[in-house]
Amino acid sequence: MIQISLFFCFFLMTFYGLSQTQYPEAEIKNKHIQAKLYLPDTEQGYYRSTRFDWAGIIGGLQYKGHEYFGPWLAKHDPTSHEAISGPVEAFAPIGFETAKPGDPFLVVGVGMLRKPNEEPYRFATTYDIVNPGEWKVRKKADRIEFVHTLTADEGYAYEYTKTVRLTKGKPELVLEHTLKNTGKKALETTVYNHNFFIIDQEPTGPNLVTRFPFQVQAEGSGFGEIIVARDNELVFERALQKGEHVFTNAVQGFGSGAEDYDIRIENKKTGAGVHITADQPLLKLFYWASTTTACPEPYIQLKAAPGEEFKWKIAYEFYTFEADTEGK
């Protein structure tokens, strides 16, 4: 009880601190869902680092009195690589290995970045942005369309469109993507969704369960001790303590079809869940959690030759169920 109370105090103080800074934002809603999104802005944006796609950052989403996203760090720094929220996506860098120190490389949804030295690419490094491209945002009551266009002297060029929309008459949020290659070089990369879930501000522990349509296997930091793979679920044996994380980069058991991109995350104590599906097969599947957020991280492969485009869609269906009152 004391741990939960302290967590709520932390969350309220964090939220209050963030509310003092006004970042460009917009709201979408339908009959079931209301969501707040932060808008890309090179000067005032909520996120201005170089790891994650700047489009479609969801600062909060409410369904039937339940909250699914929000700040997970005690302090927000827009230039920090991890200071972000919602089902955010990250593209692997393109052209980094062949670039010389001082030359640009590409990260879709961010822009052309400068390679500083011969060290390997590190997602936690904030690289200098030498060409941010151009962002356009089109808003309607139930959706926001983000369009990022970029043309670089190195031969890369694209039009990336990401639409965050709410399905009419359903408690569902859909992320629709199109990456059109308008340049001279191929665009070959991977993209994953980090899924920073904070369902009802529940501390990471036994009240949270992640479920798959296959018999799951996983090994890594904290696996077998703090978190275990049991049949088709990942379940926590105990709550994470301050400074603890669990991580695996090799969740196993899924097949080659898109039907296995099917993930459910539930807060058993409050009776709130989300069902995630996509129209692309899983390339690989990571899982990471801290004390404040639990994150399945599904990857897909992306390829677009010059003149071609690649499309993919991810859907989030929100639902409620009878809470486990014994867990309170």
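Counting starts from 1 at the beginning of each chain's written sequence and moves along it residue by residue. For a predicted model such as this one, the threshold for reporting local features is a pLDDT of at least 70, and the threshold for listing and counting side-chain atom pairs is 80 or more; totals across whole chains, interfaces and linings nevertheless cover every residue. Hydrogens are left out, water is left out, and the side-chain values use all remaining heavy atoms of the structure.

### A look at the overall build of the protein chain
Under the DSSP-based scheme used, a helix requires at least four consecutive residues in state H or I and a strand at least two consecutive residues in state E, with every element numbered from the N terminus. For the protein chain, the helix and strand inventory stands at 1 helix and 22 strands. Taken over the C-alpha trace, the protein chain has a radius of gyration of 19 Å; the compact-globule value for 328 residues is 20 Å, and the two agree within 12%. Principal-axis analysis of the C-alpha atoms places the extent of the protein chain at approximately 60 × 40 × 40 Å. Each residue is assigned to one of three classes by its accessible area relative to the maximum for its type, calculated with a 1.4 Å probe on protein chains only: buried under 20%, partly exposed between the two thresholds, exposed over 50%. In the protein chain, which comprises 328 residues, the proportion classed as buried is 53%. Restricting the contact set of the protein chain to residue pairs at least 6 apart, pairs at least 24 apart contribute 64%. Put simply, the protein chain has 35 plus and 43 minus side-chain charges, and the middle of one group is 4 Å from the middle of the other. Computation of the radius of gyration draws on C-alpha atoms alone. For the globule rule, the value is 2.2 Å times the number of residues to the power 0.38. When checking whether two residues touch, look at their non-hydrogen atoms; a contact exists if any pair is within 4.5 Å. Neither His nor the chain termini are counted; the positive set is Lys and Arg, and the negative set is Asp and Glu. The atom standing in for a charge is NZ when the residue is Lys, CZ when it is Arg, CG when it is Asp and CD when it is Glu.

### Let's talk about the packing of aromatic side chains
Working definition: rings of Phe, Tyr and Trp (its six-membered ring) pair if their centres are within 6.5 Å, and the pair is stacked with planes under 30 degrees apart, edge-to-face with planes over 60 apart, and tilted otherwise. All chains considered together, the criterion is met by 26 aromatic pairs. Consider the rings of Trp72 and Trp288, whose centres lie 5.6 Å apart with planes at 75 degrees: the pair is edge-to-face. Within this pair, whereas Trp72 is found in the loop between strand S4 (66-67) and strand S5 (89-91), its partner Trp288 is found in strand S20 (residues 284-289), the two being separated by 216 residues in sequence. For the pair formed by Trp72 and Trp288, the shared burial category is buried. Aromatic pair Phe247 and Phe286: ring centres 5.8 Å apart, planes at 85 degrees, arrangement edge-to-face. Of this pair, Phe247 sits in strand S17 (residues 246-248) while Phe286 sits in strand S20; the two residues are 39 residues apart in sequence, bridging distant segments of the chain. Among the residues examined, Phe247 registers a relative accessible area of 32% and is labelled partly exposed. The buried category is assigned to Phe286, whose relative accessible area is 13%. Aromatic rings pair up to connect Tyr47, Phe52, Trp72, Phe196 and Trp288 into one cluster. Think of it as a cone above the ring: NZ of Lys or CZ of Arg counts as a charge over the ring if it is within 6 Å of the ring centre and within 35 degrees of the ring normal. Here Lys115 stacks its cationic end above the ring of Phe96, 4.6 Å away from the centre of that ring.

### Things to note about the nonpolar core
With 89 residues, the main nonpolar core has Tyr68, Tyr287, Trp312 and Phe318 as its most contacted residues. Apart from residues lying up to four places away in sequence, Trp312 is in contact with Glu89, Phe91, Tyr160, Leu175, Glu176, His177, Leu179, Val191, Asp279, Gln280, Ile300 and Leu302. Nine residue types can take part in a nonpolar core, namely buried Ala, Val, Leu, Ile, Met, Phe, Trp, Tyr and Cys, and a core is a set of them joined through side-chain atoms within 4.5 Å.

### Overview of the sheet that holds strand S12 (residues 172-181)
What the 10 strands build is an open sheet, ordered S9-S10-S11-S12-S22-S19-S18-S14-S16-S15; its pairing is antiparallel. Among the strands making up the open sheet, the edge pair consists of strand S9 (134-140) and strand S15 (227-230). With direction set aside, neighbouring strand axes in the sheet form an average angle of 15 degrees. A pair of strands is treated as paired once DSSP finds two or more bridges between them. Taken together, the 4 bridges between strand S14 (residues 208-211) and strand S18 (residues 262-267) define a ladder with antiparallel strand orientation. Its bridge partner being in S18, Thr210 is matched across the sheet by Ile265. An axis is simply a line fitted to the C-alpha atoms; with a helix, the fit covers only the stretch in contact. Between two such axes, the angle follows the N-to-C directions and lies from 0 to 180 degrees.

### Points about the pattern of salt bridges
One side-chain nitrogen of Lys or Arg within 4 Å of one carboxyl oxygen of Asp or Glu is enough to make a salt bridge. Throughout the structure, instances matching the rule amount to 14 salt bridges. Between Asp53 and Lys162 there is a salt bridge, with its nearest N and O atoms 3.6 Å apart. Taken together, the residues Asp53 in the loop between strand S2 (33-38) and strand S3 (57-63) and Lys162 in strand S11 (residues 157-166) connect sequence positions 109 residues apart. Look at Lys162 and you get buried, because its relative accessible area is 0%. Here Arg122 makes a salt bridge to Glu119, at a shortest N to O gap of 3.0 Å.

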